[in-house]
Amino acid sequence: MEQILKVEGLCRDYGKGTVTHAVDHVDFSVEKGEFVGIMGPSGSGKTTLLNCISTIDTPTAGHIWVEGRDITTLKQKGLSRFRRERLGFVFQDCNLLDTLTAYENIALALTIRKTPAQKVDALVRETAQLLEITDCLNKYPYQMSGGQQQRTAAARAIVTEPALVLADEPTGALDSKSARLLLERFELMNQLRQATILMVTHDAFTASYCHRILFLQDGSLFAQVERGNQDRKDFFRQIIGVVTQLGGDQSDVL
Amino acid sequence: MFSKLAVKNVGRSFRDYGVYFLTVAFGVCLFYVFNALETQTVIRYLSSHQRQELVGAIQQLIGVLSVFVWFVLAFLILYASGFLVRRRSREMGTYLMLGMERWQVARLLLAETAVTALVALAVGLALGVVLSQALSVFTAGLFAVPQTEFQFSVSLPALLRTILAFVGIFLLVMLYHAFTVSRRKLIDLLRARRVNQELKVRSLGMSVVLFLVGCALLVVAYAMLLTRGLLRVDGLFWVMIGLGSLGTLLFFRALSGFLLRLCQSNKKLYYKNLNMFILRQFNASINTTYRSMTVICLMLLLAIGITATSVGLNNTVSQMADQTIFQDVELVAWPEEEGDTLDLAAALEAGGFDPEQQCSSWTTFPLYQNEAGEPCLLQQDYDAYVSAWGQEPADAFLESWGARIVDGEGAGLTALRWYFLADYAGDPNEAEQLFLQAAGYIPDTGGYQYTTKQSIWMDLMGTKVLVLFIGLYLGVVFLVASAAVLALQQLSQAADSAGRYQVLSRLGVSEKMRGRSVDIQVFLAFFLPLALALVHAVVGMTAANAVIAEVGRVDAAASSAVTALLLVAVYGGYFLATCWGSRRILRAAA
Ligand SMILES: Nc1ncnc2c1ncn2[C@@H]1O[C@H](COP(=O)(O)OP(=O)(O)O)[C@@H](O)[C@H]1O
Ligand SMILES: [Mg+2]
């Protein structure tokens, strides 16, 4: 299998004097077509790790390769280019541009990559169909539900066929029904489009949609579980098991 | 800790609130320049030539205007500091939450305001002193006033007045700050930035219709102006002004929607780079800005109109002095009894003004009346006139009276009035002085009056100076006001869209592209009102020229040049400061 992401000895420290090791020597890799979750309690460094991979933050030490290219050596201009051409994002909030319709939000990801105007429409509609948001394409974000907004963000993330889709707590602000719908769409994106997804969450239910889960605590990876052939419910139980076994804060995980 | 915080904040506020600083500095500068008129070469020239009263009147008028200008500037600076406080309310809330007392936070703000204001005041005054000299040289050149060697002068009363005026404004600002901090609830301060303006979606089709209606109204107003002229102030005049203003309002209200619709119909243009985002952004902001854009457009129109007309009119009047009087001196006296003889030359000589010495050419003669009551001039007097000044002015004189030339020594004619006409020899200033002294009392007449070319020229110049200074003063104040309001609006919009630019940055839009998008938005906000104001002004000036052309010729090139220069300096300065400030705000957010 082709390796999409490889992280090696990644560190990110904050502050002078008393240094916080937000991310502390993390190593892992993600293969093409995988749906990987990163779990951990609040403050364990999940967002920091994801920000380093998405080049929004710069690591203190270590390397990150995406499709074999070391992105820690990229300069400002190269970073922007890399981000718009190879990555797709879904964040917890602050996702869509409130002045643009859903359609335009998705199209924007294409226009900033200089996709020819005549190709835009077909790509946007096809992706919107996959995420079941065809009905609200002409709506503004404030006219849509939280779930529809997140699915629009997901559509924007994959419409450019990026090498890697990064999602930071995408279900964080959603009710359970919308969360389920979004996660099912993530699964579809992964299956039908072979989208490689790296999703951060502190929620075991959300995590149970992934193929593989990395557990993070105090900035370090300390466990990993794979779904294999189990169904989602069993996988969910296994995740809960790991979390309790390793002494994580239950209330924080659930 | 407190002083450190204040100093740090001041340093930052210089960088972040350039527009606030610029407005205070420009305001101070303007205020000083026009309160220090006594340092102007033209004003000095006028007062050294028996025109102290006129100078006094000019200064009084400017003084009254200064009160008006003070109110405008006070409003502007309060508005600017309101923006400043709004931008900082979250930070202030944090201080409060960290346990700082309200009075401490207020004191922090006051310290910042005081230091910022003092520096702006100093910079403004320095700028004012320099600009005052530049204006002096410019106007002296305009009026062809002989410039004695360059004299650098500072007006202490004006300095004092400016400082007092602005200390007053700063006290108002401080009161305002104290009031804001004490009144606001902590939760509001903390939440301030989260409150986003509500996005109202309006039908784009409606925008297109409104835009066309606005344009139609403008065309009607223009047509009325051009056919009716500028000076017929009656019911229809106000209808015209109303149509023009309403047209302008609708134009701005619907422009963004119209543009959006237009571009959306061209997919290639719309789905290119950030075009879609820029247009949407512009459209979203227009709901909050179209009113101020209208006001700004009209203010700009006033500024352009006033400046251009005052400079243009000014050059026109300049050509009028020569036409009004031909000789350097014209003295007319009426005899006590009709028909009596007056020797004006001898009377003047007795008064200390010897025509033989002081004049290069002179003549004195009576204007007669024959039995039929017709005015007459003797052939010999006419000949003397012609030999002194030539055929043309002599005939013009005859024509002005409808007089006929008669031969002989004046038998059967009655002398109605006696003329003394002369051109000075030597130093005209000295001769004028002597003449004015001698003409102060001429004995044995039934009344007399005199005009000298110098006094006419001086009076005309006084009027011109008045028009020019008032025009420039008001013009520049309106210009600064419009530019400052625009700049502040754009900056607060940049702060409001910080979140959007953050999303763009994450999506991989390069800093260069984001900067360009900001610049285009600021450019649209500055350029659109200016463009429409220019169109208004061109139409208005065409109508105004028709009026001025009756009085004289307008020097369109000079007035356009001065107007353009002022526009570029003030408006351009604010434009650049706004681009810079907006980019800064957005870069900090990304
Ligand atoms: N900008 C920052 N400056 C200083 N410390 C930070 C910053 N961002 C995160 N941290 C610290 O790094 C640690 C990890 O944070 P984060 O990655 O946001 O955790 P998570 O997303 O898992 O909740 C926390 O202890 C947090 O306080
Ligand atoms: Mg987080």
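Note that the coordinates shown come from a computational prediction; the quantities given were computed from them, not determined experimentally.

How each quantity is defined
For every chain, the first residue of the written sequence is number 1, and numbering continues from 1 onward in sequence order. Whichever chain is written first is A, and whichever ligand is written first is 1; the rest continue in order. Since the coordinates come from a predicted model, pLDDT governs what is reported: local features require at least 70, and pairs of side-chain atoms require 80 or more to be given and counted, while whole-chain, interface and lining totals use all residues. Only hydrogens and water are set aside; all other atoms, that is, all heavy atoms of the structure, feed into the side-chain values. For patches, a residue must show more than 30% relative accessible area and have no salt bridge; joins then use 9 Å for like charges and 5 Å for nonpolar side chains, namely Val, Leu, Ile, Met, Phe, Trp and Tyr. A 1.4 Å probe and the Shrake-Rupley method give the accessible areas. Residues count as covered only by the protein chains that appear here. One side-chain nitrogen of Lys or Arg within 4 Å of one carboxyl oxygen of Asp or Glu is enough to make a salt bridge. Residues counted as positive are Lys and Arg, residues counted as negative are Asp and Glu, and His and the chain ends are not counted. By convention, the charge on Lys lies at NZ, on Arg at CZ, on Asp at CG and on Glu at CD. A simple rule labels every residue: compare its accessible area, found with a 1.4 Å probe on the protein chains alone, to the largest value its type can have, and call it buried under 20%, exposed over 50%, or partly exposed in between. Numbering of helices and strands runs from the N terminus, with a helix taken as a DSSP run of H or I at least four residues long and a strand as a DSSP run of E at least two residues long. When DSSP locates at least two bridges between a pair of strands, those strands are taken to pair. Here, the term right-handed applies to a crossover whose path from the first strand over the helix to the second runs clockwise when the strands point away from the viewer. Proximity is defined per residue: any heavy atom of the residue falling within 4 Å of a molecule or strand makes that residue near it. Think of a polar contact as two N or O atoms within 3.5 Å of one another; within protein, one of them needs to be a possible hydrogen donor and the other a possible acceptor, and neighboring residues in sequence only count if both atoms come from side chains. Any residue that is not Ala, Val, Leu, Ile, Met, Phe, Trp, Tyr, Cys, Pro, Asp, Glu, Lys or Arg is counted as polar, Gly included; the first ten are nonpolar and the last four charged. In what follows, residue pairs with any heavy atoms lying within 4.5 Å of each other are defined as contacts. Here the quantity called buried area is the accessible surface, traced with a 1.4 Å probe, that two parts lose on coming together, added over both. A residue's pLDDT is simply how confident the predictor is in it, with values from 0 to 100. Interaxial angle, 0 to 180 degrees, is taken between N-to-C directions of lines fitted to C-alpha atoms, where a helix line uses only the stretch in contact. The way it works is a 1 Å grid over only the protein atoms, where trapped points that fit a 1.4 Å probe form a cavity and open points with protein on both sides within 12 Å along at least five of seven lines form a pocket, and then any residue with an atom within 4 Å of a point lines it. Grid points are joined across faces, edges and corners, and a volume is the space filled by probe spheres set on the points. Domain borders in the structure are assigned automatically or taken from a domain database. Between rings of Phe, Tyr and Trp, where Trp is taken as its six-membered ring, a pair exists when centres lie within 6.5 Å; planes separated by under 30 degrees are stacked, by over 60 edge-to-face, and by other angles tilted. Any angle that is under 35 degrees is reported as roughly parallel, and any over 145 degrees as roughly antiparallel; angles of 65 to 115 degrees are reported as roughly perpendicular and all others as oblique. In this scheme the handedness of a crossing depends on how the near helix is turned from the far one: anticlockwise by less than a right angle means left-handed, clockwise means right-handed. Think of a nonpolar core as a cluster: buried Ala, Val, Leu, Ile, Met, Phe, Trp, Tyr and Cys residues, connected wherever their side-chain atoms sit within 4.5 Å.

Asker: Break down a negative patch on the surface for me, citing the residues and quoting the values.
Answerer: Taken together, the side chains of Glu 336, Glu 337, Glu 338, Asp 340 and Asp 444 of chain B define an acidic patch exposed on the protein surface. Glu 338 of chain B gets classed as exposed once you look at its relative accessible area, which sits at 59%.

Asker: So, the pairing of strand E8 (residues 197-201) of chain A: which residues are in play, and what are the values?
Answerer: Residue and element names in this part refer to chain A. Of all 5 residues making up E8, 5 are buried, and the element is well covered by its neighbours. As paired elements, strand E3 (residues 35-39) and E8 share 5 bridges and run parallel to each other. The partner of Val 36 across the bridge, within E8, is Leu 198. Pairing between strand E7 (residues 164-168) and E8: 4 bridges, direction parallel. Residue pairing across strands places Leu 166 opposite Leu 198, the latter belonging to E8. Crossover handedness for the path E7 to helix H6 (residues 176-192) to E8: right-handed.

Asker: Can you explain the site of ligand 1? Please cite residues and give values.
Answerer: All names here are of chain A. As a structural note, the neighbourhood of ligand 1 is formed by Tyr 14, Thr 20, Ala 22, Pro 41, Ser 42, Gly 43, Ser 44, Gly 45, Lys 46, Thr 47 and Thr 48. In this structure, an oxygen atom belonging to ligand 1 sits 2.6 Å away from a side-chain N or O atom of Thr 47. Contacts to ligand 1 include Thr 48, whose side-chain N or O atom sits 2.5 Å from an oxygen atom. Secondary structure elements with two or more residues in the shell around ligand 1: strand E2 (20-31) and helix H1 (46-53). In terms of residue count, the dominant contributor to the shell around ligand 1 is H1 (3 residues). Residues of the shell around ligand 1, tallied by class, amount to 3 nonpolar, 7 polar and 1 charged.

Asker: Explain the interface of chain A and chain B to me, and be specific about the residues and the numbers.
Answerer: Taken together, the contact pairs 25 residues of chain A with 25 residues of chain B. Buried area between chain A and chain B, both sides added, is near 2,500 Å², and the carbon and sulfur share of it is 62%. Run the count over chain A and chain B and you get 2 salt bridges. Of the charged contacts, one joins Glu 104 of chain A and Arg 280 of chain B as a salt bridge, the two residues approaching to 2.8 Å between their closest N and O atoms. Along the contact surface separating chain A from chain B lie 8 residue pairs in polar contact (both at pLDDT 80 or more). Counting only elements with at least two residues in the side of chain A that touches chain B, the list comes to helix H2 (76-86), helix H3 (102-111) and helix H4 (117-130) of chain A.

Asker: Report on the pattern of salt bridges, specifying residues and quantitative values.
Answerer: Residue and element names in this part refer to chain A. All told, the structure shown has 16 salt bridges over all chains when counted by the stated rule. The salt bridge partner of Glu 34 is Arg 212, with a shortest N-O separation of 2.9 Å. Of this pair, Glu 34 sits in the loop between E2 and E3 while Arg 212 is found in strand E9 (residues 212-217), placing the two residues 178 residues apart along the sequence. On the accessibility criterion, Glu 34 (15% relative accessible area) is buried. Overall, Arg 212 belongs to the buried group, its relative accessible area being 7%. Within the structure, one salt-bridge network assembled from shared partners comprises Glu 126, Glu 161 and Arg 193.

Asker: Can you tell me about the side chain of Ser 207 of chain B, naming the residues and giving the values?
Answerer: Residue and element names in this part refer to chain B. For Ser 207, the position within the fold is in helix H8 (residues 204-228). On the basis of relative accessibility, which here comes to 5%, the residue Ser 207 falls in the buried class. Discounting chain neighbours no more than four positions away, the residues touching Ser 207 are Ala 254, Gly 257 and Phe 258.

Asker: How would you sum up the confidence of the model for chain B? Please name residues and give values.
Answerer: With 88% of its residues at a pLDDT of 70 or more, chain B shows a mean pLDDT of 81. The ipTM assigned to the predicted complex is 0.87, against a pTM of 0.78.

Asker: Explain the sheet that holds E3 of chain A residue by residue, including any values.
Answerer: Pairing between sheet strands relies on hydrogen bonds along the backbone, with the strands arranged either parallel or antiparallel. Residues and elements named next belong to chain A. As summarised here, the arrangement of the 6 strands in space is E6-E7-E8-E3-E9-E10, forming an open sheet in which the pairing is mixed. A single partner strand is all that each edge strand has here, and the edge strands are strand E6 (87-90) and strand E10 (220-226). Averaged over all pairs of adjacent strands, the angle between strand axes in this sheet comes to 20°, irrespective of strand direction. In this fold H1 packs onto E3, E6, E7, E8 and E9, with an angle of close to 150° to the strand it touches most, E7. Where helix H8 (residues 232-245) meets the sheet, it contacts E3, E9 and E10, and its direction lies at approximately 155° from that of E10.

Asker: Provide a residue-level description of the layout of surface pockets, including the pertinent values.
Answerer: Residue and element names in this part refer to chain B. Empty space within the second largest pocket amounts to approximately 700 Å³. Mapped onto the lining of the second largest pocket, the elements with two or more residues apiece are H8, helix H9 (235-264), helix H11 (275-318) and helix H20 (511-551). A per-element tally of the lining of the second largest pocket places H11 first, with 8 residues. Within the lining of the second largest pocket, the residues separate by chemical class into 19 nonpolar, 8 polar and no charged. Of the residues that make up the lining of the second largest pocket, three or more belong to each of domain 2 (209-270) and domain 3 (300-324 + 456-590).

Asker: Just give me the short version of the side chain of Gln 264 of chain B, but keep the residues and values in it.
Answerer: Position of Gln 264 of chain B among the secondary structure elements: in helix H9. Apart from the residues lying within four places of it in its own chain, the contact partners of Gln 264 of chain B are Glu 104 of chain A together with Leu 204, Tyr 270 and Arg 280 of chain B.

Asker: I'd like a description of the packing of aromatic side chains, backed by residues and values.
Answerer: Going through the model one piece at a time under the given rule, you end up with 33 aromatic pairs over all chains. When the ring of Phe 215 of chain A is compared with that of Phe 222 of chain A, the centres are 6.2 Å apart and the planes differ by 45°; the resulting orientation is tilted. Since its relative accessible area comes to 4%, Phe 215 of chain A is described here as buried. Between Phe 237 of chain B and Trp 238 of chain B the ring centres are 5.1 Å apart and the planes differ by 85°, which places this aromatic pair in the edge-to-face class. Residue Phe 237 of chain B is classed as buried on the basis of its relative accessible area of 11%. Assessed through its relative accessible area of 55%, Trp 238 of chain B is described here as exposed.

Asker: How would you sum up the packing of helix H5 (residues 102-142) of chain B against helix H18 (residues 453-496) of chain B? Please name residues and give values.
Answerer: Residue and element names in this part refer to chain B. Look at H5 against H18: their axes get within 12 Å of each other, and the N-to-C directions meet at 140°. When the axis of H5 is compared with that of H18, the two are oblique. Handedness of the H5/H18 crossing: right-handed. Two secondary-structure elements touch here, H5 through Leu 135, Thr 139 and Leu 142 and H18 through Leu 468, Phe 469 and Leu 472. Residues that form the contact of H5 with H18 fall into these classes: 5 nonpolar, 1 polar and no charged.

Asker: Summarise the environment of Phe 138 of chain B; cite the residues concerned and give the values.
Answerer: All names here are of chain B. Structurally, Phe 138 can be placed in helix H5. The partly exposed category is assigned to Phe 138, whose relative accessible area is 32%. As for Phe 138 and Asp 427, which are separated by 289 residues in sequence, their C-alpha atoms are 26 Å apart.

Asker: Go over the pairing of strand E1 (residues 329-333) of chain B, please, and point to the residues and values.
Answerer: Residue and element names in this part refer to chain B. Of all the 5 residues making up E1, 4 are buried; the element is thus mostly covered by neighbouring parts of the structure. Both E1 and strand E6 (residues 448-452) contribute to a ladder of 5 bridges, which runs antiparallel. Paired with Val 332 across the strands is Gln 449, a residue of E6. As paired strands, E1 and strand E5 (residues 414-424) are joined by 5 bridges and run antiparallel to one another. Opposite Leu 331, over in E5, you have Phe 420 as the bridge partner.

Asker: Break down the packing of H3 of chain A against helix H5 (residues 146-158) of chain A for me, citing the residues and quoting the values.
Answerer: Between two packed helices, what matters for the description is the angle formed by their axes and the separation of those axes. All names here are of chain A. In contact at an axis separation of 8 Å, H3 and H5 are set at 25° when each is read in the N-to-C sense. The angle between H3 and H5 places the two elements in the roughly parallel class. In the crossing of H3 with H5, the sense of the turn from one axis to the other is right-handed. Facing H3, whose interface residues are Ala 102, Asn 105, Ile 106 and Ala 109, H5 presents Thr 152, Ala 155 and Arg 156. The residue makeup of the contact of H3 with H5, split by class, is 4 nonpolar, 2 polar and 1 charged.

Asker: An account of the nonpolar core is needed here, citing residue identities and associated values.
Answerer: Ranked by size, the top nonpolar core spans 191 residues in total, and within it Leu 108 and Phe 186 of chain A together with Phe 34, Phe 166 and Tyr 574 of chain B carry the most contacts. If one sorts the elements of this core by residue count, H18 of chain B sits on top with 24 residues. Core analysis: the second largest hydrophobic core is formed by 28 residues, Val 36, Ile 38, Ile 53 and Phe 91 of chain A among them.

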